[in-house]
Amino acid sequence: MHKKSIITMMLALVWMAGLAQTTKTVTITGSSPALKDSTLVLAGVGISGTVVDTVQSGRFAFTLPVEELSNGFLSLIGEGCPNFSLSLMMKPDATIKLAGTDCIYPLWKVESPIPEQQTMNRVTEHCRDVIKELIQIEQKKDWNKFDSINMVYMKQQMDILPSLPVDAASINVLWRISRLLINMKDFPYMEELKSLEKSFAARAPKGFEDQLAEIHTYIYPPHVLQIGEEAVDAELFDMQGNRHHLLEGLADGRYLLLDLWGIGCGPCRMSEPEMREAYGRMKDKLEIVGINEDKFSSWKNSDFSKRIVWKNWNDGKMGSSISSRYCDEGAVPYYILISPDKRIVTKAVGYYPGMFLGLADAVNGLKQDNSANLSFVVRKVEVNDNGTTVGFRYYSHKEYGFRIVKDSYLEANGKKYKVTAADGITLDENNYPNVKATDSTEDFMSNLSYKDFTLTFEPFETTPATFNFKEGDGKGAFVIRNVALK
């Protein structure tokens, strides 16, 4: 169970892939007299799901394709329902019954023939009071208390884990806690977590080696590669099960863009049309390797996954072999750009419109480092005795404004060269992209636009080989570094 906003959940679910074609299913029913008619029922295996039913007369029922014992979830969206997920263990041919007298479905009674669900039920019962408190915080929108109470929830789960069987359910609980370390510093219960990890590794039956190895990586993380460092290789698999090496995409002197994504990630799917457009514009200069972070079977059967036109691979470890070495945050989409000489050029988390078209312009044009904002790129430079004129392009949604401050400057030879004139924009005011960037009618792409403008700066005392552009020294200022004159 974890905090999500309804908007984020709905965005992800709108984009869900088609369910796997299989005859194996799990049946789930639920009832509560407190549920309002038309409450949405959302469920799935792993982290991907879709709307499976709507409540009528306080009841719902549905089946889900499931190939093997799997972790799944259920959520209800409707009046009185908390914005949480109920973790469920799912297995082919099993029937799971949920029942309650209120709308607090994460605390309902779960009847299941699956032994691992009994493990989950023990965790829920042990943590009942703190789960109820988290739900109350969510309903009151009192987010100042959430982190501290959520830490209590983590501690209570850790306290009961030693008494539970080491199975798919308890290992999943330990995995969820350990994964928090990606975005958390100074975890207060680290020694207890290390002890749990060691105990689980010693007690676990065969078949859980990959999950335990991933947990170990979160608790004892390897060095995370940073911009400027040399990329490391890894082994991945295509949909036919053929082995590949991560860095084989660097062939023929091309750049390599790593795209870590998930089936249930809305922004990952939103980015695909623009990434496809940019890929076409720089295909001879850049290769993309999509690295899926779902289970191999879910990824292989996803309709969305099948339409990807670049290299589409999976490491069989839910992306952990790549994310543990390259990613500073545990979120997708996560992008890493690697230069032909195997150096990491860019690391970015999240998608924003225009970033890939800006990347394409940078790769195809003047050498520069626009990693601070991929949507913003230098297109041309003219240097003479009267000043230096720099042509810029900014990509974004046509309704997303941007602002360039009058304190902008170029930096070269240890000196600053102030802006003296602007053409195409007004300094210190909002400006908007006004030229359609593509002919596409797909979603965000239909509104993706750009703005061309020039800024003139004081003349260089000595013409440098490269310079930096800085939009003032304020926090969040646009920066493009190492712009080459040739």
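Across its full length, the protein chain holds twelve helices and 23 strands. By principal-axis analysis of the C-alpha atoms, the protein chain measures approximately 80 × 45 × 45 Å. In the protein chain, buried positions account for 51% of the 486 residues. Look at the contacts in the protein chain between residues 6 or more apart in sequence, and 66% of them connect residues 24 or more apart. Carbon and sulfur atoms make up 48% of the accessible area of the protein chain, which totals about 22,300 Å². Placing the 55 positive and 62 negative side-chain charges of the protein chain at their respective mean positions leaves the two points 1 Å apart.

Moving on, we come to the pairing of strand β5 (residues 70–77). Remark: a regular strand shows side chains that alternate across the two faces of the sheet. Burial of β5 is extensive: seven of the eight residues sit out of reach of the surface. The sheet contact formed by strand β2 (residues 40–45) and β5 spans six bridges and is antiparallel. When the sheet's bridge partners are listed, Val-45 is paired in β5 with Gly-72.

Glancing now at the packing of aromatic side chains. This model, assessed by the stated rule, comprises 23 aromatic pairs. Ring-pair connections join several aromatic residues into one group, and the members of that group are Phe-376, Phe-392, Tyr-394, Phe-402, Phe-453, Phe-457, Phe-469 and Phe-478. Between the NZ or CZ atom of Lys-155 and the centre of the ring of Tyr-189, over which it lies, the distance is 5.6 Å. Its guanidinium or amino end placed over the ring of Tyr-450, Arg-393 lies 3.7 Å from that ring's centre, counting from NZ or CZ.

Turning to the state of the cysteines, a few remarks are in order. Going through the model one piece at a time under the given rule, you end up with one disulfide. The partner cysteine of Cys-265 in its disulfide is Cys-268, sulfur to sulfur 2.3 Å. Classification of the bridge connecting Cys-265 and Cys-268 rests on its S-S torsion, roughly 85°, and on that basis the disulfide is right-handed. For the pair Cys-265 and Cys-268, a shared accessibility class is recorded, and that class is buried. With no disulfide of its own, Cys-81 lies 4.6 Å from the sulfur of Cys-103, the closest cysteine sulfur.

Turning our attention to the pattern of salt bridges. Following the criterion strictly, the structure yields 21 salt bridges and no others. Measuring nitrogen to oxygen at the nearest pair gives 2.7 Å for the salt bridge that ties Lys-155 to Asp-159. Taken as a pair, Lys-155 and Asp-159 lie in helix α4 (residues 146–160) at a separation of four residues, close to a single helical turn. Put simply, Arg-276 and Glu-272 hold a salt bridge, and the shortest N to O gap is 2.9 Å. With Arg-276 and Glu-272 both in helix α8 (residues 266–281), this residue pair falls four residues apart, about one helical turn. In this structure Arg-276 comes out as partly exposed when scored by relative accessible area, which is 28%. Residue class for Glu-272 comes out buried when judged on its relative accessible area of 2%.

Reading the values: the criteria
Residues numbered from 1 in each chain as written. Predicted model: local features only at pLDDT ≥ 70, side-chain atom pairs only at ≥ 80, totals over all residues. Heavy atoms only, no water. Helix = DSSP H or I, 4+ residues; strand = E, 2+ residues; numbered from the N terminus. Buried < 20%, exposed > 50% of the residue type's maximum accessible area, 1.4 Å probe, protein only. Contact = heavy atoms within 4.5 Å. Areas by Shrake-Rupley, 256 points an atom, 1.4 Å probe, with all protein chains shown as cover. Lys, Arg positive; Asp, Glu negative; His and termini not counted. Charge placed at Lys NZ, Arg CZ, Asp CG, Glu CD. Pairing = 2+ DSSP bridges. Phe/Tyr/Trp six-rings, centres within 6.5 Å; stacked < 30°, edge-to-face > 60°. Lys NZ or Arg CZ within 6 Å of the ring centre and 35° of its normal. Disulfide = S-S within 2.5 Å. Salt bridge = Lys/Arg side-chain N within 4 Å of Asp/Glu carboxyl O.

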